[in-house]
Every structure is written in C-alpha cells, then in structure tokens.
Amino acid sequence: MRLPTMAIVLLTVGAIGVGCGGSGVTDGDGSSQSGPGSGGSGQGSAQSTSGDFGSGGPGSGGSTGQGASSGEGASSGQGGACATQSASADLQPVYLAFAFDVSGSMGMGDEPWYDKALKWDPVVAATKQFFNDPLSEGINASLRFFPSDDEDRDEKCSAETYETPEVPMTPLPSPLFAAAIDDVTPATSADWRGGTPTLYVMQGTISFIEAQRQATPGRYAIVLVTDGYPAGCGSRANSVDRVAEAAAGALEDGVPTYVIGVDNPPIEDAPHDLDNLHQIAEAGGTENAYLIDTGNPGATSAAFKAAIDAIRGASVSCTVEIPPAPDGRTFDAQRVRVTYKSGSGNATALSYDQECASEGAWRYDSAANPTQIVLCDSTCATIQADPEAALGVDFTCEDVIVIPQ
C-alpha cells in the first residue's frame with residue numbers, strides 16, 4: 001500500500017493578463033462547455049481544464065456558473081484567460097516504531113508450546129516480507145528488540161536501554177530489517193533472552209519517537225509485537241496497567257499504539273492468556289490487539305501479514321497540507337475539488353461536507369481559515385484499504401463548493 005507517497009496533483013488555474021473568466025474549453029462558436037462537477041448551469045459555463053473527474057455529488061456545493069463567459073475573457077487552450085499550472089503535495093509521512101519480543105517463549109523450546117518452528121519462524125517470515133515489500137514504499141520504520149541481551153537487571157529494566165533501536169528510522173522497503181532479525185535469531189536454545197520488560201521498551205520507544213518528531217515531523221505510531229504479558233523487572237512496576245498508562249500518554253501526544261499478540265499453539269496445557277493485551281491497544285487508541293493463532297506456520301504467517309497490512313493502512317494519514325498557489329496567486333477555498341481514483345480507473349469527485357455528515361466526503365480543517373484538506377472517516381477508510389488509491393485536487397477558476405459561514 002503506497003498510500004503515504006500518493007502525490008496530490010494540484011491543478012491550479014489562475015489569471016493571466018486579465019481576471020479568470022472561465023476554466024473550460026471553448027467550442028466552435030466561442031461558448032464555454034459545462035464540465036462534470038463544475039457547478040455550471042449549462043450554456044456559457046466553464047469546463048475544468050483538468051479533465052473529466054465526475055460530479056461533486058451531494059454536498060458539493062457547486063456554483064451557479066459565476067465567472068463563466070463567452071467571447072472575450074473565455075478560456076481556451078490557445079491563449080485564453082486561464083492557464084493551468086501544477087504543484088504537488090504528499091500525505092503526511094508515516095513512521096512506525098516496532099518493538100519486537102525476542103524472549104524465550106517465542107521459540108526457546110523448553111516447553112512444547114515454545115516451539116520456534118510454530119511461533120518465531122512464521123512470524124519473522126511475515127515481518128521480513130513487510131519490511132522488504134515494495135508496497136511498503138513511503139512508510140518509514142524502526143526496529144527495537146526486547147529484552148536486551150544484557151543480563152544486568154538494571155540495564156534490562158531501564159527505559160534508556162531501549163531508546164536506540166537496532167534499526168533506526170529507515171525508509172521502506174529495506175533489507176536492513178531482515179538482516180537485523182537474522183542477527184538476533186538465537187542459534188541455540190541457550191541463546192534465547194529471558195524476561196519481557198514491556199513497560200521499559202514502551203517508555204524507551206516513546207522517548208525515541210519524541211526525539212525523532214522534533215527533527216522530522218510526521219505521523220508516528222508504535223507497533224508492539226509480543227507473545228505474552230510483561231514479565232520480570234518487578235511485577236508491580238512492569239505490569240499491563242503500567243504499559244497501558246504509557247500507551248495512553250503517547251496517544252495524548254498523537255502517537256497511537258498497535259499491538260500484535262502471538263498466541264501459543266493449540267497444544268495440551270499450553271496457556272492462552274493474551275486477552276489483556278487488548279487493554280494496551282485500547283489505551284493506545286487502536287481498540288483491540290491483533291491476536292495471532294499459531295500451530296499452522298502457513299496460517300500464522302498469513303494472519304500476521306494481514307495484521308501488519310491492516311496497521312499499514314490504518315496508520316496512513318488522511319490529512320493533506322494545502323500548498324501555496326503557484327506564482328503567488330491567491331488561494332480560493334471555494335474553488336477546490338478533490339478527486340479519487342483506484343489504479344487505472346476513472347477519477348471521481350468527492351463531496352465537500354464540512355460536517356462530514358455524508359459518505360465519500362472531505363472537509364477543511366477550518367472553514368474560516370483552511371490550511372489542510374481532511375478526508376472524512378468513510379473516505380479515509382476507503383483510501384486506507386485501497387493499495388492503488390490516488391487523490392487529485394483541482395484548483396478551479398470558479399466556485400465549485402460553498403463553505404458555510
């Protein structure tokens with residue numbers, strides 16, 4: 001899903017020499033033709049030079065054709081009143097900070113359900129695929145393993161230990177993550193690490209993100225991958241409740257926490273006690289943890305990949321900064337049309353609805369002083385679920401929406 005790198009093409013139509021009288025293509029007798037979504041009233045209204053993007057639909061607030069004309073001042077492709085220039089803007093960049101559990105229960109083998117072939121191997125196979133997937137282009141990620149390999153309790157149970165990831169924030173796809181996973185994978189059962197200091201890796205990851213955001217603004221999220229509750233480092237301090245508190249604090253700063261729980265395989269006497277991980281996800285603003293069944297490596301890998309893909313989509317920002325109009329021209333908020341298309345399909349115009357009461361709509365962050373285009377929830381969900389999604393923004397020469405006063 002390349003959503004974070006979808007270019008938003010802004011077709012900005014401005015005045016050249018005279019006021020912008022129309023944005024259409026004139027027909028043989030000099031009258032402008034009405035185009036879809038232009039809000040024109042028929043004869044004499046302007047057609048957008050950006051092409052046929054469909055109508056604005058309910059709530060689009062189309063104009064009544066003001067500014068359209070025929071004869072002198074009408075637009076044409078050869079020296080008319082309006083010309084088209086293009087600028088570009090991107091969706092807010094996404095940064096995912098992974099905290100990955102490498103404790104012995106992921107594959108040490110000291111219990112039948114701590115089976116490396118059933119837990120560790122399929123999970124890391126799907127993880128490697130995500131980090132090296134061309135569809136992850138545009139996402140940035142970091143990777144921190146926990147617990148640390150330091151046997152000193154003070155080091156293992158310190159947030160500072162986890163502030164520096166093994167793989168720093170890196171644009172995807174990248175082979176660095178697979179190499180890091182291979183390096184950390186234990187060669188023998190004795191090489192697995194003990195303890196699950198979840199609170200401290202969360203605190204360290206949050207500190208890492210705080211530093212990153214100062215240097216590189218964007219949309220950040222934590223992805224916690226673990227196969228159990230916090231363990232070691234003192235059960236009263238390192239508890240699910242404390243981890244949830246840390247996730248809630250991060251959410252207050254705009255950083256959600258996603259949780260992927262790797263269950264034990266369906267073996268007799270194997271414990272299945274991951275439900276409290278939902279508490280961390282809920283506190284982190286992501287509702288529920290993704291709980292992955294094990295026992296069938298192929299199914300486990302597929303389920304883990306599906307969880308990662310869902311996180312990849314959900315983490316995509318649906319907010320677009322409005323860039324300045326080219327050549328110092330004045331931005332007119334009522335002359336904007338937002339379009340959506342999938343793959344090579346035709347683009348269709350989304351409805352403008354400042355209250356987001358209608359389906360397939362967008363709004364401004366502020367009706368009085370807009371600085372961002374914000375996709376409403378239903379539209380955002382569609383964009384996030386579509387790996388071939390593309391947005392377009394037309395800056396037209398006439399009013400195509402009505403902004404409430």
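Use the structure listed above.
Keep in mind that this is a model prediction, so the values were computed, not measured.

About the thresholds
- Residues numbered from 1 in each chain as written.
- Predicted model: local features only at pLDDT ≥ 70, side-chain atom pairs only at ≥ 80, totals over all residues.
- Heavy atoms only, no water.
- Helix = DSSP H or I, 4+ residues; strand = E, 2+ residues; numbered from the N terminus.
- Buried < 20%, exposed > 50% of the residue type's maximum accessible area, 1.4 Å probe, protein only.
- Areas by Shrake-Rupley, 256 points an atom, 1.4 Å probe, with all protein chains shown as cover.
- Disulfide = S-S within 2.5 Å.
- Pairing = 2+ DSSP bridges.
- Axes fitted to C-alpha atoms, helices over the stretch in contact; angles between N-to-C directions.
- Parallel < 35°, antiparallel > 145°, perpendicular 65-115°, else oblique.
- Left-handed = near helix turned anticlockwise from the far one by under 90°.
- Contact = heavy atoms within 4.5 Å.
- Nonpolar A, V, L, I, M, F, W, Y, C, P; charged D, E, K, R; others polar.
- Polar contact = N/O pair within 3.5 Å; in protein donor to acceptor, adjacent residues only side chain to side chain.

**Q** What should I look at first to understand the overall build of the chain in this one?
**A** A tally of regular secondary structure across the chain gives 8 helices and 15 strands. Looking at the chain as a whole, 51% of its 405 residues are labelled buried. Of the accessible surface of the chain, which amounts to about 17200 Å², a share of 48% is contributed by carbon and sulfur atoms.

**Q** Could you clarify how one ought to interpret the state of the cysteines in this entry?
**A** Think of a disulfide as a covalent bridge from one cysteine sulfur atom to another cysteine sulfur atom. Taken as a whole and assessed by the stated rule, the structure comprises 3 disulfides. Covalently, Cys-157 is tied to Cys-233 through a disulfide, its sulfur atoms 1.9 Å apart. Its S-S torsion of about -75 degrees marks the bond between Cys-157 and Cys-233 as left-handed, since a negative value means left-handed. Taken as a pair, Cys-157 in the loop between helix H2 (153-156) and strand E5 (167-171) and Cys-233 in the loop between strand E6 (219-226) and helix H5 (240-252) lie far apart in primary sequence, 76 residues in all. Across the pair, exposure class does not vary: Cys-157 and Cys-233 are buried alike. With a sulfur-sulfur separation of 1.9 Å, Cys-356 is cross-linked through a disulfide to Cys-376. Measuring handedness by torsion sign, the sulfur bridge of Cys-356 and Cys-376 sits at about -75 degrees and is left-handed. Here Cys-356 is found in the loop between strand E12 (351-352) and strand E13 (361-364), whereas its partner Cys-376 is found in the loop between strand E14 (372-375) and helix H8 (377-385), with 20 residues between them in sequence. Residue classification places Cys-356 among the partly exposed positions, given a relative accessible area of 27%.

**Q** Mind showing me how you'd approach the sheet that holds strand E9 (residues 319-321) here?
**A** Remark on secondary structure: sheet strands pair via backbone hydrogen bonds, oriented parallel or antiparallel. The strand order E9-E14-E13-E12 describes an open sheet built from 4 strands, whose pairing is mixed. Edge positions in the open sheet fall to E9 and E12, since each of these has one partner strand only. Direction of pairing for E13 relative to E14: antiparallel, over a ladder of 3 bridges. When the sheet's bridge partners are listed, Tyr-364 is paired in E14 with Ile-373.

**Q** Can you help me understand the packing of helix H4 (residues 198-215) against H5 in this one?
**A** Packed helices, taken two at a time, are described by the angle their axes make and the gap between the axes. Where H4 meets H5, the axes come as close as 9 Å, and the angle between the chain directions of the two elements is 15 degrees. By the criterion of interaxial angle, the relationship of H4 to H5 is roughly parallel. When you trace H4 past H5, the crossing you get is left-handed. Packed against H4, whose contacting residues are Thr-198, Leu-199, Met-202, Gln-203 and Ile-206, the element H5 presents Arg-242, Val-243, Ala-246, Ala-247 and Ala-250 at the interface. Here the contact of H4 with H5 is built from residues that sort into 7 nonpolar, 2 polar and 1 charged.

**Q** Teacher, can you tell me more about the environment of Glu-359 here?
**A** Within the element layout of this structure, Glu-359 appears in the loop between E12 and E13. When its relative accessible area of 66% is taken as the criterion, Glu-359 is described as exposed. Sequence separation of Glu-359 and Asp-377 is 18 residues, and the distance between their C-alpha atoms is 8.6 Å. Within the structure, the side chain of Glu-359 is placed 3.4 Å from the side chain of Ser-378, a separation counted as a polar contact.

**Q** Can you help me understand the sheet that holds strand E4 (residues 139-146) in this one?
**A** Across the sheet, 6 strands lie side by side as E5-E4-E3-E6-E7-E8; this open sheet has mixed pairing. Looking at strand neighbours, the two that pair on one side only are E5 and strand E8 (290-292), the edges of this open sheet. Each strand of the sheet is rotated relative to its neighbour by a mean of 20 degrees, with strand direction disregarded. On the sheet, helix H3 (residues 176-184) packs against E4 and E5 and is oriented at approximately 5 degrees with respect to E4.

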